[in-house]
Amino acid sequence: MTTRRLTCRLALALTFATTASAQVPPSIDGRIEQLKPGEYIWAPEIAPVGPVTVIVSLATQKAYAYRNGVPIGVSTVSTGSDGHATPTGVFTVLQKDADHVSNVYKDAQMPFMQRLTWGGIAMHAGNLPGYPASHGCIRLPPAFAKLLFGITRLGITVVITQDARVPVVAAAPSILAATSAAPTSGKDYVWNPTLSPKGPVSIVVSGRDRRMIVLRNGIEIGSSGIAVDVPIDRTSAFTLQSIDTGGEHWLRLPLPDDPRTGELSVEDRTKGYLPEGFRTALATVMTPGTTLLVTRETLASASTGTPVTIIEATGQ
């Protein structure tokens, strides 16, 4: 079965993948299972514009491309083999290079490379034998790698998970809700958006530090103390799908060992109390594609305490 025929046959089915279920619907899953190593589905016309999110499932050896919260592509992949595990977690694309050559693995060709960590993990075109076989990277079919490369930009969210779950629609997390109650008196925050005038925005909240940081294009542009009314005891991740007259519309991103569905959890209902000035400033930089990460761990470790990278900053 050719890729072209698969695209036509499954484009309609893909539109149902944004249901409230945390699992791929059976009607879709069965058809996606028909994909052989190196095959993929590509239907960008379903969502012509909007922020892109990529979900990689190590369990199914598939990558799912979403635009504006709608699935527009599914591809087979080959991830890390024994001894070279592909890390799980939430990442951002740090670098793109259509003609990349590895300086680690004997000048290996890595076309349409999209770097996820400065430690050598990336998505790129490569050989797909039908099982995990890389040194940690995510190999994509060459044609799919080129198509994906063409619609992404630096800073997009990429989630690597052990299971097959996909993003689900969720209400706006209460921790970002505007509030009149400030956690501290005075101006207990820093706000300097000129440090990074443009680019994708990531918001990270640490329950242990009681602090929020805001990064744009991987550079910290603001931070503030935050008070919460319920202890944060697990990590949640969201990406902002759209903003309209009805408010903000978010997608919950699947994280390893997180059994929750699209229903609001205690963590989602946790109210955050920020200085009024900081909350007002934050609203000015939030656009579709903004990522929110709420973790119980300290920001100093940039980790949940399990093998999950929360964000990989660009550094200098």
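Visitor: How should unusual backbone geometry be read in this particular structure?
Guide: Among all residues except glycine, the phi angle is most often negative; among peptide bonds, the trans geometry is most common. In this model, Q61 sits at a positive phi of 55°, which is unusual for a non-glycine residue. Tracing the sequence through the fold places Q61 in the loop between strand 2 (52–57) and strand 3 (62–67).

Visitor: Mind showing me how you'd approach the nonpolar core here?
Guide: Proteins that are soluble and globular tend to have nonpolar side chains buried together. Ranked by size, the top nonpolar core spans 24 residues in total, and within it V54, L116, M123, I138, L140, V158 and I160 carry the most contacts. V201, V214, W250 and M286 belong to the second-largest nonpolar core, a separate cluster that totals 22 residues.

Visitor: I keep staring at helix 3 (residues 142–151) and nothing clicks. Help me out?
Guide: Note on helix geometry: an α-helix contains 3.6 residues per turn, so any two residues three or four positions apart are oriented the same way. Every buried residue of helix 3 is listed here: F144, A145, L148 and F149. When helix 3 is viewed along its axis, its buried side chains cluster within an angular range of 135° and face the same direction. Exposed side of helix 3, more than 90 degrees from the buried face: K146 and G150 are the residues found there.

Visitor: What is the right way to read the sheet that holds strand 7 (residues 109–115) from this model?
Guide: Note: strands within a sheet are paired through backbone hydrogen bonds, in either parallel or antiparallel orientation. Spatial ordering of the open sheet is given by 6-7-8-9, a layout of 4 strands whose pairing is mixed. Among the strands making up the open sheet, the edge pair consists of strand 6 (95–101) and strand 9 (138–140). Looking at each pair of strands side by side, their axes are set apart by 25° on average, direction ignored. Relative to strand 7, strand 6 runs antiparallel, the two being bridged by 6 bridges. Pairing of K96 across the sheet is with Q114, part of strand 7. Across the sheet, helix 3 lies against strand 6, strand 7, strand 8 (122–125) and strand 9, angled at about 35° from strand 7, the strand it touches most.

Visitor: Any chance you could explain the pairing of strand 7 here in plain terms?
Guide: Each regular strand shows side chains that alternate between the opposite faces of the sheet. As paired elements, strand 7 and strand 8 share 2 bridges and run antiparallel to each other. Note that in strand 8 the partner of R115 across the bridge is A122.

Visitor: I'm lost on helix 5 (residues 276–283) in this one. Help?
Guide: Looking only at helix 5, the buried set comprises F278, R279, A281 and L282. Along the axis of helix 5, the buried residues cluster in a sector spanning 165°; they form a single face. Residues E276 and T280 are exposed on helix 5 and point more than 90 degrees away from its buried face. Residues of helix 5 that are buried in the fold lie against strand 12 (189–191), strand 13 (201–206), strand 14 (211–216), strand 15 (219–225) and strand 18 (247–252).

Visitor: Explanation requested: the environment of Y131 in the structure shown.
Guide: Take Y131: it is sitting in the loop between strand 8 and strand 9. Classification of Y131 by relative accessible area gives partly exposed; the value is 48%. Sequence spacing of Y131 and T79 is 52 residues, and the spatial spacing of their C-alpha atoms is 7.7 Å.

Visitor: Please explain the pairing of strand 2 as it appears in this structure.
Guide: Counted residue by residue, strand 2 has 6 buried out of 6 residues, so it is predominantly covered. Both faces of strand 2 are covered, namely the face carrying V52, V54 and V56 and the face carrying T53, I55 and S57. Where strand 2 meets strand 3, 6 bridges bridge the pair, whose relative direction is antiparallel. Bridging across to strand 3, T53 finds its partner in Y66. Hairpin connection of strand 2 to strand 3: 4 residues between the antiparallel strands, including Q61 at a positive phi of 55°. Where strand 2 lies against strand 10 (residues 157–161), 5 bridges are found, and the strand directions are parallel.

Visitor: Any chance you could explain the side chain of T76 here in plain terms?
Guide: Topologically, T76 is positioned in strand 4 (residues 70–76). Polar side-chain contacts of T76 include one of 2.9 Å to the backbone nitrogen of G38. Side-chain polar atoms of T76 contact the backbone oxygen of E39, separated by 2.9 Å. Among all residues touching T76, those that are not within four sequence positions of it are L35, K36, P37, G38, E39, Q61, K62, L128, R139, L140 and P141.

Visitor: I tried to follow the confidence of the model for the protein chain on my own but got confused; where do I start?
Guide: Detailed reading of predicted coordinates is not advised where the pLDDT is low. On average, residues of the protein chain score 74 in pLDDT, and 69% of them are at 70 or above. Here residues 1–29 is modelled with pLDDT under 50, and outside its nearest four sequence neighbours on either side it reaches 51 contacts, counting other chains as well. Confidence drops under pLDDT 50 across residues 301–316; counting only partners more than four residues distant or on other chains, this segment forms 44 contacts.

Scoring rules and cut-offs
- Residues numbered from 1 in each chain as written.
- Predicted model: local features only at pLDDT ≥ 70, side-chain atom pairs only at ≥ 80, totals over all residues.
- Heavy atoms only, no water.
- Helix = DSSP H or I, 4+ residues; strand = E, 2+ residues; numbered from the N terminus.
- Core = buried A, V, L, I, M, F, W, Y, C linked by side-chain atoms within 4.5 Å.
- Buried < 20%, exposed > 50% of the residue type's maximum accessible area, 1.4 Å probe, protein only.
- Arc of directions from axis to C-beta.
- Pairing = 2+ DSSP bridges.
- Axes fitted to C-alpha atoms, helices over the stretch in contact; angles between N-to-C directions.
- Contact = heavy atoms within 4.5 Å.
- Polar contact = N/O pair within 3.5 Å; in protein donor to acceptor, adjacent residues only side chain to side chain.
- pLDDT = per-residue confidence, 0-100.

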